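Spelled out, the chains give:
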Amino acid sequence: MEKIKKIIHVDMDYFYAQVEERDRPELKTVPVGIGGMTNGRGVLCTSNYIAREYGVRAAMPTAKAIKLCPKLVLVSPNFQKYKKISQDIFKIYEQYSTKIQKLSLDEAYIDVTDCSKLNNDANAIAREIKERIYNDTKLTASAGVSFNKLLAKIGSDLFKPDGLAILRPDNISNKITHFPVSRINGVGKVTRKRLEAKGIFTFGDIQKHSKLDLINMFGDYGVTLYNYSRGVDQREVSSGGARKSLSVEHTFSEDYSDIKTLKENLLSVFYELESRLKKEENKTYKNIFVKIKYTDFQATTIESQIEFSLENFEKLFMNRFSQRVDKVRLVGLGVKFFNQDDHGQLSLF
Ligand code: DCP
Ligand code: MG
Ligand code: MG
């Protein structure tokens, strides 16, 4: 039988905003949005929890955020600073495992199945990791501990901020029946509404449907929902090895078809991609690509051998979007790297 895995998911609390609060304590008592606005345009990267009480969210146009919360204090992001902190945090993880999957600057899965520290007690390891993060950075993180990625990630979100949740395997499918479907990674507002329209609000409601039912409603994703609703997830924590591509995707807080808002979101994805690329060792890009996922989950990708620039990403985006002008739920931007094989291929010519 396969060994039961021990996986920790760590996610920093309101990351960019918490960093700015740390460095400017006067921000701690006011609503803060990280992001800018030039000529009335711009989107937020994130907000602190005070701002969230007004409905202010990541990826929201700054103008809309100010409407919701007129006292919102805007702080420009300092990506270099966040990147440095992120590197420090990942160095901590490396002391517990070699199997670390980075999801973003502030978020990772750590597979501690074979970790010899703290008697291999995953709960104690997670607690220690949180403490070290705090000691080194004076920032809080939340962690989830479980036997698969799905539940570890759900766990890290349960008691934010500064939370720690452990979800044990015994009787798991019953223990999670009350979770709202939105706890599933990938179920955003749109999928949630589609599920709710069928009377499906919780994991338990999904469990009541047959696999076939779910496939009819959601295609392949129906199988995932069937498994996830029972706490079943076989995905490995993959540290990836040599990268073939790098991309950043944002799922919007709501679906947009309006070009202006889409371009604003494109810009924030572009900045994040750019900041992530800066720490890549492999800097020779082969292609750049744009991914668009529509409100009905149909995804399309367009790739081209053109220079890395915002203008070119916008061009690719518009090229593909003009073929289907419809509500978009996710935009991804990325680059494909040259690898050894490519160079070999090229040298043939
Ligand atoms: N980010 C961004 N644009 C988005 C989402 C996130 O630029 N649409 C950036 C800013 C966030 C950071 O990534 O601070 C981490 O994203 P999270 O989703 O983990 O959100 P936070 O850490 O801000 O808040 P939470 O406490 O909910 O994790
Ligand atoms: Mg976070
Ligand atoms: Mg995160």
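Please refer to the structure higher up on the page.
Reading the values: rules and limits
- Residues numbered from 1 in each chain as written.
- Chains lettered and ligands numbered in written order.
- Predicted model: local features only at pLDDT ≥ 70, side-chain atom pairs only at ≥ 80, totals over all residues.
- Heavy atoms only, no water.
- Helix = DSSP H or I, 4+ residues; strand = E, 2+ residues; numbered from the N terminus.
- Rg over C-alpha atoms; globule rule 2.2 N^0.38 Å.
- Buried < 20%, exposed > 50% of the residue type's maximum accessible area, 1.4 Å probe, protein only.
- Contact = heavy atoms within 4.5 Å.
- Near = heavy atom within 4 Å.
- Polar contact = N/O pair within 3.5 Å; in protein donor to acceptor, adjacent residues only side chain to side chain.
- Areas by Shrake-Rupley, 256 points an atom, 1.4 Å probe, with all protein chains shown as cover.
- Nonpolar A, V, L, I, M, F, W, Y, C, P; charged D, E, K, R; others polar.
- Salt bridge = Lys/Arg side-chain N within 4 Å of Asp/Glu carboxyl O.
- Phe/Tyr/Trp six-rings, centres within 6.5 Å; stacked < 30°, edge-to-face > 60°.
- Lys NZ or Arg CZ within 6 Å of the ring centre and 35° of its normal.
- Donors = N, O, S within 2.8 Å, 3.2 Å for Na, K, Ca; no water.
- Tetrahedral: all angles 85-135°; square planar, octahedral: opposite > 155°, others 65-115°.

### So, the overall build of the protein
Here comes step 1: Of the regular secondary structure elements, the protein holds 14 helices and 12 strands.
Here comes step 2: A compact globule built from 349 residues would reach a C-alpha radius of gyration of about 20 Å, and the protein, at 21 Å, matches this within 12%.
Here comes step 3: Projecting the C-alpha coordinates of the protein onto the three principal axes gives extents of approximately 55 × 55 × 50 Å.
Here comes step 4: Counting every position in the protein, which comprises 349 residues, the buried fraction comes to 49%.
Here comes step 5: In the protein, the share of contacts with a sequence separation of at least 24, taken over all contacts with a separation of at least 6, comes to 64%.

### With respect to the site of ligand 1
Here comes step 1: By nearness alone, 16 residues border ligand 1, and D11, Y14, T46, Y49 and R52 come closest of all.
Here comes step 2: A distance of 3.0 Å is found between an oxygen atom of ligand 1 and a backbone nitrogen or oxygen belonging to Y16.
Here comes step 3: Contacts to ligand 1 include H250, whose side-chain N or O atom sits 3.5 Å from a nitrogen atom.
Here comes step 4: Relative to its unbound accessible surface of 550 Å², ligand 1 loses 81% to contact with the protein.
Here comes step 5: Elements represented by at least two residues in the shell around ligand 1 include exactly strand 1 (7–12), helix 1 (15–23), strand 3 (44–47) and helix 2 (49–52).
Here comes step 6: By residue class, the composition of the shell around ligand 1 is eight nonpolar, two polar and six charged.

### Description of the pattern of salt bridges
Here comes step 1: Going through the model one piece at a time under the given rule, you end up with 25 salt bridges.
Here comes step 2: A salt bridge links D11 to K160; its shortest N-O distance comes to 3.0 Å. One end of the pair, D11, is in strand 1; the other, K160, is in the loop between helix 6 (149–158) and strand 8 (164–166), with 149 residues separating them in the sequence.
Here comes step 3: Of the charged contacts, one joins K99 and E236 as a salt bridge, the two residues approaching to 3.5 Å between their closest N and O atoms. Taken as a pair, K99 in the loop between helix 4 (79–93) and strand 5 (100–104) and E236 in the loop between helix 11 (221–228) and strand 9 (245–256) lie far apart in primary sequence, 137 residues in all.
Here comes step 4: For E236, a relative accessible area of 41% puts it in the partly exposed group.
Here comes step 5: Several salt bridges share partner residues, and in doing so they unite K5, K99, D111 and E236 into one network.

### Observations concerning the packing of aromatic side chains
Here comes step 1: This model, assessed by the stated rule, comprises 16 aromatic pairs.
Here comes step 2: Between the aromatic rings of F179 and F203, the centroid separation amounts to 5.6 Å while the plane-to-plane angle is 80°, which identifies the pairing as edge-to-face. Pair noted here: F179 is in the loop between helix 7 (172–175) and helix 8 (189–197) and F203 is in helix 9 (residues 203–207), with a separation of 24 residues, a long-range link. Neither residue differs from the other here; F179 and F203 are each classed as buried.
Here comes step 3: Grouped by ring-pair contacts, the aromatic residues F15, Y16, F79, Y82, F270, Y271, F308 and F313 constitute a single cluster.
Here comes step 4: Lying across the ring of F90, K102 places its NZ or CZ 4.8 Å from the centre.

### What about the coordination of the magnesium ion (ligand 2)?
Here comes step 1: Those protein atoms acting as donors to the magnesium ion (ligand 2) are D11 (OD), M12 (O) and D106 (OD), and they sit at 2.0 to 2.2 Å.
Here comes step 2: Because the angles between the six donor atoms bound to the magnesium ion (ligand 2) fall within 77 to 175°, the donor set is best described as octahedral.
Here comes step 3: Along the chain, the residues donating to the magnesium ion (ligand 2) are arranged with the sequence spacing D-M-x93-D.
Here comes step 4: With relative accessibility at 12%, the residue D11 sits in the buried group.

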